[in-house]
Amino acid sequence: MLSKELFEKALIAPAIKGANELWVITGYSSPAIVIKQLDRLEKAGIKVKIKILVGMIGLDGMEIKSHLGFKKLTKIYGDVFSCRYVLKKSITHSKNYLWIKSGKPLLGFTGSANYSINAFSGKVIESLNGDDPCEIKELFEE
């Protein structure tokens, strides 16, 4: 189980080891975590595609500031970033992270951490466990 240094261990280390895509299912998110992760990876000379599925929008909505931020990121990082929202039935509060290498599921994490600055700041106790990457891929595609 990961409970310390989540940002480095779950969002950076797999890319350093060769994973080149991250698919995230999260209840809540904001552009700030995307910027932080992409900035850190760019400084390391690593290019990673990030796909986010934000699952609680249909129930709780989203601040317009966050929506506009995601739109801006899509324009800036269009080739490496995409974000979708679940707006109707089948909302999801799960937090799943799938790392892919050359098109094949490589590594998966599931736990309490939304894809957000707060969850990956180290100021909040969160945890992630290893999980079956193929099952996370199926859930994302569902």
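In this text, all values refer to a predicted model and were calculated from it rather than measured experimentally.

Visitor: Honestly, the side chain of Gln37 in this entry has me stumped. Any pointers?
Guide: For Gln37, the position within the fold is in helix H2 (residues 31-43). The exposure class assigned to Gln37 is buried, which follows from its relative accessible area of 0%. Contact partners of Gln37, with chain neighbours within four places excluded, come to Phe7, Leu11, Ile12, Leu22, Ile50, Trp99 and Tyr115.

Visitor: Would you mind showing me how to read the pairing of strand S5 (residues 104-111) here?
Guide: A regular strand places its side chains so that they alternate between the two faces of the sheet. Judged from the six bridges that link them, strand S4 (residues 96-101) and S5 form a sheet pairing that is antiparallel. Bridging from a neighbouring strand, Lys101 pairs with Lys104 of S5. In textbook terms, the turn of a hairpin is the stretch between consecutive antiparallel strands, and for S4 and S5 this stretch comprises two residues, one of which, Ser102, has a positive phi near 50°. Where S5 and strand S6 (residues 128-131) come together, four bridges link them in antiparallel fashion. For Gly108, the partnering residue across the bridge sits in S6 and is Asp131.

Visitor: Just to check I follow, could you spell out the packing of aromatic side chains for this structure?
Guide: Working definition: an aromatic ring pair is given by the centre-to-centre distance plus the angle between the planes. Considering all chains together, one arrives at five aromatic pairs under this definition. When the ring of Phe70 is compared with that of Phe81, the centres are 6.2 Å apart and the planes differ by 15°; the resulting orientation is stacked. Note that Phe70 is positioned in helix H4 (residues 64-76) and Phe81 in strand S3 (residues 81-85), a separation of eleven residues in sequence. Both residues of the pair, Phe70 and Phe81, belong to the buried class. Every member of this aromatic cluster is reached through a ring pair, and the members are Phe70, Phe81 and Tyr85.

Rules of the game
- Counting restarts for each chain, with residues numbered from 1 along the sequence as it is written.
- At least 70 in pLDDT is required for a residue's local features to be given in this predicted model, at least 80 for side-chain atom pairs to be given and counted, and no such filter applies to totals for whole chains, interfaces and linings, which use all residues.
- Side-chain measures here rest on the full set of heavy atoms in the structure, leaving out hydrogens and waters.
- Here a strand is any run of E in DSSP of at least two residues, a helix any run of H or I of at least four, and the numbering for each starts at the N terminus.
- Per-residue accessibility, obtained with a 1.4 Å probe over protein chains only, is compared with the maximum for each type, and a residue is labelled buried under 20%, exposed over 50%, and partly exposed between these values.
- In what follows, residue pairs with any heavy atoms lying within 4.5 Å of each other are defined as contacts.
- Two strands make a pair as long as DSSP finds a minimum of two bridges between them.
- Stacked, tilted and edge-to-face pairs are distinguished by plane angle, under 30 degrees for stacked and over 60 for edge-to-face with tilted covering the rest, among Phe, Tyr and Trp rings (Trp via its six-membered ring) whose centres lie within 6.5 Å.

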